[in-house]
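Coordinate analysis (summary)
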2 protein chains.
Amino acid sequence: MRVSELSRSSDVPVATIKYYLREGLLHRGEATSPNQARYDDTHLRRLRLIRALVEVGGLPITVVKDVLAAVDDPDIGMHHVLGRAAYAVTGTGDDGGEFADAAEADVRAITAHTGWRVAETAPALAGARSVLARMHELGHAPGDDTLLSWAEAADRAAEGDLKAIARNENREDAAETAVVGTVLGDALLAALRRIAQESHSAARYPSDCRPPS
Amino acid sequence: MRVSELSRSSDVPVATIKYYLREGLLHRGEATSPNQARYDDTHLRRLRLIRALVEVGGLPITVVKDVLAAVDDPDIGMHHVLGRAAYAVTGTGDDGGEFADAAEADVRAITAHTGWRVAETAPALAGARSVLARMHELGHAPGDDTLLSWAEAADRAAEGDLKAIARNENREDAAETAVVGTVLGDALLAALRRIAQESHSAARYPSDCRPPS
């Protein structure tokens, strides 16, 4: 298809497609003349992926470029593709201030319970500490039972993530699954958690709500 | 303390504090003269809560106001406080387009597996469908095993949420825990999931990464 048709099918403006081509987020089409190229379903698929990472994941385009470079590089193993995606979407927050020690103790309780082994420099460790410190500051630090439930929830989610990656037959599909699951999975898990909350809350506070229809 | 001291302690500008007072997000201080009032730790605590909901949760101030109104209203039961917080932070996304039916089948598989009972109008249902439709569009819909792992993860997380709420001795603290856990919990669970991913991924792709230090 021509670039105009690719634009219509993907709902991405032609100028944006040309920008993605220049920046290497999108691979070149097959040249049919000095100023024209033919595109195919692989281009459409890549444009949809870029849109999803920007629209659902809220990633800046420079971060999308970095993540997709890892997807496209056959020398980068799956552990590092997953890491690149995870590091791209993880805010580290502040250092936790006066509640940094309390937050660190929470994180240690979690990793001791789950047995997770993780690099000390992982942004997600800093991110978890930062949110936990904020909860302590607000006087709503999770109790040990809640902390361990959340840790087990995260562990189960990650098991699901790895199963999804392992189903793919080739490296490129697996790398894409890692990125999609990591970035869009946050939104999905947050939504599922709310559905579960509503159900558990109705069971715990039955006098407090109308019966489910 | 005076408003200037409240501002220093909370790191919220005086003009913003006055705006919150006018809008009812913050309760009035004790009047000490026609133009002055004295504030205490309850004001500081509330300002920290507002900051956390805006900075960590990314909520617009109008939504914060609505959620805090539910926290402050003794006639609103815990199920509805939790619902108000959950509905406030949940994007519903688009309707899923041509993949709406596939996404709906995924959601039904999840609720059948978990036994969740939820109102058909819950925004989280629409949100989950929208993300799942996007995954289908991208050719990376989760397999049944992944879907059920994620559902179990969400269920375990919600169990933790309800435990955290139940630990409180009075309604107002419980309501605050519900809001903090719902809004800040998303960021924490996302961070924990990434830590778990890194650990599981290192175990599954050992040749692909250096040994954990």
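In short, a report on the structure. (Residues numbered from 1 in each chain as written. Chains lettered and ligands numbered in written order. Predicted model: local features only at pLDDT ≥ 70, side-chain atom pairs only at ≥ 80, totals over all residues. Heavy atoms only, no water.)

**Some points on the side chain of A:Arg193**
Position of A:Arg193 among the secondary structure elements: in helix H9 (residues 171–204). By relative accessible area, which is 2% here, A:Arg193 ends up buried. (Helix = DSSP H or I, 4+ residues; strand = E, 2+ residues; numbered from the N terminus. Buried < 20%, exposed > 50% of the residue type's maximum accessible area, 1.4 Å probe, protein only.)

**Description of the environment of A:Gly93**
Position of A:Gly93 relative to the elements: it lies in the loop between helix H5 (78–89) and helix H6 (100–114). Residues A:Gly93 and A:Ala126, spaced 33 residues apart in sequence, show a C-alpha to C-alpha distance of 7.1 Å.

**Description of empty space enclosed by the protein**
Scanning all chains against the criterion turns up 2 cavities of 30 Å³ or more. As for the largest cavity, its lining consists of A:Arg194, A:Ile195, A:Glu198, B:Ala86, B:Tyr87, B:Thr90, B:Ala122, B:Pro123 and B:Ala124. Mapped onto the lining of the largest cavity, the elements with two or more residues apiece are H9 of chain A together with helix H5 (78–89) and helix H7 (123–137) of chain B. Per-element accounting of the lining of the largest cavity gives the leading share, 3 residues, to H9(A). Taken together, the residues of the lining of the largest cavity sort by class into 6 nonpolar, 1 polar and 2 charged. Estimated volume of the second largest cavity: approximately 40 Å³. Considering the residues around the second largest cavity, the lining is formed by A:Leu82, A:Asp161, A:Ala164, A:Ile165, A:Thr177, A:Ala178, A:Gly181, A:Thr182, B:Trp150 and B:Gln197. (1 Å grid on protein atoms, 1.4 Å probe; cavity = no way out; pocket = protein on both sides within 12 Å on 5 of 7 lines; lining within 4 Å. Points joined across faces, edges and corners; volume = space filled by probe spheres on them. Nonpolar A, V, L, I, M, F, W, Y, C, P; charged D, E, K, R; others polar.)

**A short note on the pairing of strand S1 (residues 30–33) of chain A**
All names here are of chain A. Pairing between S1 and strand S2 (residues 36–38): 3 bridges, direction antiparallel. What sits directly across from Glu30, in S2, is Arg38. In this antiparallel pair of consecutive strands, S1 and S2, the connection spans 2 residues. (Pairing = 2+ DSSP bridges.)

**With respect to unusual backbone geometry**
All names here are of chain A. Unusually for a residue other than glycine, Asp11 sits at a positive phi of about 65°. With respect to the helices, strands and loops of the structure, Asp11 is situated in the loop between helix H1 (3–10) and helix H2 (14–23). You can call Asp11 exposed: its relative accessible area is 60%.

**Examining the relation of the copies chain B and chain A**
Note on the identical chains: chain B maps onto chain A by a rotation of 180° and an axial translation of 0.0 Å, with an RMSD of 0.0 Å. Those values place the two copies in the arrangement expected of a two-fold rotation axis. Among all residues of chain B, the minimum C-alpha distance to the rotation axis is found for B:Ala153, at 2.0 Å. Take the interface residues of chain B: 100% of them recur as interface residues in chain A, which is what a same-surface contact looks like. (Least-squares fit on C-alpha atoms with pLDDT ≥ 70 in both. Contact = heavy atoms within 4.5 Å.)

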